[in-house]
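The residues making up each chain are set out below.
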Amino acid sequence: MEIDNSDNSSRRGLRKDAEEWIDAHRDELVRDIIDFCAIPSVKGSYEQGKPFGDGPFDALNYALRLCEKYGFSIQNYSGYVGAADFDPALPRTLDILAHADVVPAGEGWTVTEPFKVVEKDGRLYGRGTSDDKGPMLCALFAMRAIKACGIPLSKGVRLIIGTDEECGSSDIRKYYLEEQPAEMTFSPDAEFPLINIEKGQFHGILSRDFEENAALPRLLSMEAGIALNAVPQKAVLRFEGLPMQEAEEPMRELEKLCGVRCEISGEQEITVYGESAHASTPEGGKNAGLAALILCGKLPLSPSEQLEACEKVLELFPYGVTDGSGLRIAMEDAESHALSCTLDLFSVSETQAEFQFDSRTPLMASEENCYNVAKESAQSAGFSFSIGRKVPPHRVSADSPFVRTLLSAYEAVTGLKGECLAIGGGTYVHDLENGVAFGAILPGIDTRMHGADEFIDIDNLLTATKVYTEAIIRLCGGEGPAKDR
Ligand SMILES: [Zn+2]
């Protein structure tokens, strides 16, 4: 397709009109975000007609009513997904994929209650302000600005409102059974400038059975990790016959060695506290599970096959090493960068040990150089090995007219350099052939998505709305055929 990337004077005129409209509608945008975020759209249990419970259902209906009020034609896909078309008579060319569900409130909010958005110091605080209700409404207001300013489009743009992004994206899988993806999709559910590469995911399970060791002192159990996609923050070890005063010195040694904290948490129990991190950036964490295994090696426990398994697993996943080198799968390519690998679920009993890792794989990872090598390494260390999940990487060419046009719109509006990013996490567009994540958060800002005191800057909202407006005009504008620059 041909896309207009030029920045001629008539385009600048259109952009100026739209930008003025957006600035004039700041308060309305803020008010809509406050109302939208008041709906606690956390996933609930299935009910007839409400596939993800009341919250996501109410949020979807709210968003659809808003789209209708602003003059767009809407469709509801059985409560899974909603859609609003700029003009259903136009050939659908661009999909904007956003979501109305949110993660649970969590604890530790200080500025406001999670579902009571407040404006403070130029920011909106509340669950969903930055992920993803605020950005969704930026896209909606971009569509409004274009309509209100009478800017002609010759190709259609559709806002898709999902309701299950945070819990596995079953919403859009259902939607895409009924509808074809548009030729181009962007999702305002990440950061600017643009994410065109998402690494693959590779989950492996290592296990080993052994004879119970009756000799004291012994380890009864070890547990760490609550989710495969997070570095464990806490590990709990339970013992039998261990004189706890003999644990003190090894615990202090471990604290020095690993930068973790150890505590005697029961009569025969030690808890190790590290620091969690997302599995796509494990280097930022301190793996409490691995640290706890190191501690086992320092305690005066009677030798056993169980302890040997713990030792072996440390050879495959050394503490502080997150590049997969222990499994012999460290690799790196220029476009998608280095593989990451973190052991995140630990369960050791008297007769069995099971460990699960989460690896994010670059474009170059293959059966031969990655999956098979990991399997061989695990097996030669004495573990049974199985693959839990294998998701191929996602990539849209940085040279495609689509990507170049989005970046040019971003540059024209912000004056910042537009460039592609590769990340280890998977976004909403991971399975869409021509889908990228585009905004809405400006570079260098941590809006505490998923955390307490999530926020978004109001200036960021206005800028994102302007960027989306410009992107839609450049991708779908109706001023006749134009040349790719
Ligand atoms: Zn999101």
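For clarity, every value in this text was computed on a predicted model and none was experimentally measured.

Chain-level statistics for the protein chain give a pLDDT mean of 94 and a share of 97% at 70 or above. With pLDDT under 50 throughout, residues 480-485 is counted as low confidence; its partners more than four residues away or in other chains account for eleven contacts.

The next thing to look at is unusual backbone geometry. Leu216 connects to Pro217 through a cis peptide bond whose omega is -10°. Take Pro217: it is sitting in the loop between β10 (200-209) and β11 (218-224). Backbone torsion omega between Gly439 and Ala440 reads 5°, so that peptide bond is classified as cis. Secondary-structure assignment places Ala440 in strand β23 (residues 440-441). A positive phi angle is found at Arg328, which is not glycine, with a value near 65°. Relative to the elements of secondary structure, Arg328 occurs in the loop between α8 (305-316) and β15 (332-333). The class of Arg328 is partly exposed, set by 15 C-beta atoms lying within 10 Å. Despite not being glycine, Arg448 has its phi angle at roughly 55°, a positive value. Structurally, Arg448 is set in the loop between β23 and β24 (455-457).

Only one face of strand β12 (residues 234-240) is covered, namely the one carrying Ala235, Leu237 and Phe239; the face carrying Lys234, Val236, Arg238 and Glu240 has none of its residues buried. With six bridges joining them, β11 and β12 adopt antiparallel strand pairing. Directly across from Ala224, in β12, lies its bridge partner Ala235. Pairing geometry for β12 and strand β14 (residues 269-273), over five bridges, is antiparallel. Considered in β14, the bridge of Ala235 is made with Val272.

Checked against the element boundaries, Arg360 lands in strand β18 (residues 352-361). Residues Arg360 and Ser340, spaced 20 residues apart in sequence, show a C-alpha to C-alpha distance of 5.2 Å. Other than its neighbours up to four places away in sequence, Arg360 contacts Lys199, Gln201, Ser280, Leu339, Ser340 and Gly424.

Now for the pairing of β14. Burial along β14 is one-sided: Ile270 and Val272 are buried, while Glu269, Thr271 and Tyr273, pointing the other way, are not. Linkage of strand β13 (residues 261-266) to β14, two consecutive antiparallel strands, is achieved through a turn of two residues.

In any sheet, the strands associate via hydrogen bonds between backbone groups, in a parallel or an antiparallel arrangement. Here we have eight strands laid out as an open sheet, ordered β13-β14-β12-β11-β17-β18-β10-β19, and antiparallel in their pairing. The open sheet has two edge strands with one neighbour each: β13 and β19 (384-391). In this sheet, adjacent strand axes meet at a mean angle of 25° when their direction is disregarded. Where strand β17 (residues 340-348) and β18 come together, eight bridges link them in antiparallel fashion. Directly across from Val348, in β18, lies its bridge partner Ala353. Helix-sheet contacts for helix α7 (residues 288-298) involve β11, β12, β13, β14 and β17, and the interaxial angle to β12 is about 25°.

Further remarks concern the nonpolar core. Generally speaking, a soluble globular protein has its nonpolar side chains buried in company with each other. Formed by 87 residues in total, the largest nonpolar core has its most connected members in Ala63, Ala139, Leu159, Ile161, Leu406, Val436 and Ile472. Not counting residues within four places of it along the chain, the set of residues in contact with Leu406 comprises Phe186, Leu194, Val436, Phe438 and Ala471. Cys258, Leu293, Leu301 and Phe317 belong to the second largest nonpolar core, which has 48 residues in total.

So, on to the sheet that holds strand β4 (residues 118-120). With antiparallel pairing, three strands are arranged side by side in an open sheet as β4-β5-β24. Strands with a single pairing partner mark the edges of an open sheet, and in this sheet they are β4 and β24. Each adjacent strand pair in this sheet contributes to an overall mean axis angle of 25°, direction not counted. Pairing analysis gives three bridges linking strand β5 (residues 123-125) to β24, with the strands arranged antiparallel. Note on β24: the bridge partner recorded for Tyr125 is Phe455.

Rules and cut-offs
Residues numbered from 1 in each chain as written. Predicted model: local features only at pLDDT ≥ 70, side-chain atom pairs only at ≥ 80, totals over all residues. pLDDT = per-residue confidence, 0-100. Contact = placed C-beta atoms within 7 Å. Helix = DSSP H or I, 4+ residues; strand = E, 2+ residues; numbered from the N terminus. Buried ≥ 20, exposed ≤ 12 C-beta atoms within 10 Å, placed from the backbone. Pairing = 2+ DSSP bridges. Axes fitted to C-alpha atoms, helices over the stretch in contact; angles between N-to-C directions. Core = buried A, V, L, I, M, F, W, Y, C linked by C-beta atoms within 7 Å.

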